[in-house]
Amino acid sequence: MKRLAIFASGSGSNAEQIINHFHNRSLQVCVDLILTNRPNAYVLQRAEKLGVESYVFNRASFYDSDAIINLLNERHIDLIVLAGFLWLVPKNLIAAFPNKIINIHPALLPKYGGKGMYGQHVHQAVVANKEIETGITIHLVDEIYDNGAILRQEKCEVQLSDTADTVAEKIHKLEYKYFAETIEEYLTKI
Ligand code: GRF
């Protein structure tokens, strides 16, 4: 059995989709734990509803201790998935899980990546620049924001009539369609 841990800071709709994807298929994969830095993140309610354990941490335990690494090791986590997780992953966690952390970014990296480029900020910039396409990037995580090896990119069109909200809807559709599938593919290689 391969065991996933998902880090999410907000709503967690991607986390829910990934949990359901693996739950509904008789693959040897399960989402073992949801971790969040926000005690009131909606992802916690989703985890409870879906019967997945969750863990809330603060800045000190994430950046100044090995508490999270120890927890992930105790639970025999094989792969970490960042699904709308907004904090930079510290070096000790990356070193403990080399090539075993996957992120999704809601744009076609290297465009619209880096510090400050998250959530609606990305879609607002895409619209402001009158881009004709945007998309998602699923990539491995290294020590630089949005920099690791790209596993998959998928595109969608942007019309002049689009707003940041309508772009976000298109992006979510791509995320729900491709994120879990890409995780599943990657799991066969590790
Ligand atoms: C997604 O668009 C993801 O790419 C990101 O933040 C959003 C999170 O949505 N960076 P949700 O919490 O999974 O609903």
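Check the entry above for the structure.
So, here's what we can say about the structure. Given the structure is predicted, the values throughout are model-derived calculations rather than measurements.

1. A look at the packing of aromatic side chains
With the rule as written, the count across this model stands at ten aromatic pairs. Geometrically, the ring pair formed by F57 and F62 is stacked, given 4.9 Å between the ring centres and 25° between the ring planes. Taking 6.0 Å as the distance between ring centres and 70° as the angle between the ring planes, the aromatic pair formed by F57 and W87 counts as edge-to-face. With F57 in the loop between β3 (53-56) and α3 (59-63) and W87 in the loop between β4 (79-82) and α5 (91-96), this pair connects stretches of sequence that are 30 residues apart. For W87, a relative accessible area of 17% translates into the label buried. By the ring-pair criterion, three or more aromatic residues cluster together here, those being F7, F57, F62, Y63, F85 and W87.

2. Considering empty space enclosed by the protein
Tallying each qualifying case throughout the model produces one cavity of 30 Å³ or more. Approximately 40 Å³ is the volume found for the largest cavity. Elements supplying a minimum of two residues to the lining of the largest cavity: α3, α4 (67-74) and α5. The residue inventory of the lining of the largest cavity, partitioned by class, reads five nonpolar, three polar and no charged.

3. Points about the packing of helix α1 (residues 13-24) against helix α2 (residues 43-50)
What describes two packed helices is the angle between their axes and the distance between those same axes. One can describe the packing of α1 onto α2 by two numbers: an axis separation of 9 Å at closest approach and a directional angle of 20°. Overall, the two elements α1 and α2 adopt an arrangement that is roughly parallel. α1 and α2 meet at a crossing whose hand is right-handed. On α2, the residues that touch S13, A15, E16, I19 and N20 of α1 are V43, R46, K49 and L50. Of the residues belonging to the contact of α1 with α2, the class tally is four nonpolar, two polar and three charged.

Procedures and definitions
- Residues numbered from 1 in each chain as written.
- Predicted model: local features only at pLDDT ≥ 70, side-chain atom pairs only at ≥ 80, totals over all residues.
- Heavy atoms only, no water.
- Phe/Tyr/Trp six-rings, centres within 6.5 Å; stacked < 30°, edge-to-face > 60°.
- Helix = DSSP H or I, 4+ residues; strand = E, 2+ residues; numbered from the N terminus.
- Buried < 20%, exposed > 50% of the residue type's maximum accessible area, 1.4 Å probe, protein only.
- 1 Å grid on protein atoms, 1.4 Å probe; cavity = no way out; pocket = protein on both sides within 12 Å on 5 of 7 lines; lining within 4 Å.
- Points joined across faces, edges and corners; volume = space filled by probe spheres on them.
- Nonpolar A, V, L, I, M, F, W, Y, C, P; charged D, E, K, R; others polar.
- Axes fitted to C-alpha atoms, helices over the stretch in contact; angles between N-to-C directions.
- Parallel < 35°, antiparallel > 145°, perpendicular 65-115°, else oblique.
- Left-handed = near helix turned anticlockwise from the far one by under 90°.
- Contact = heavy atoms within 4.5 Å.

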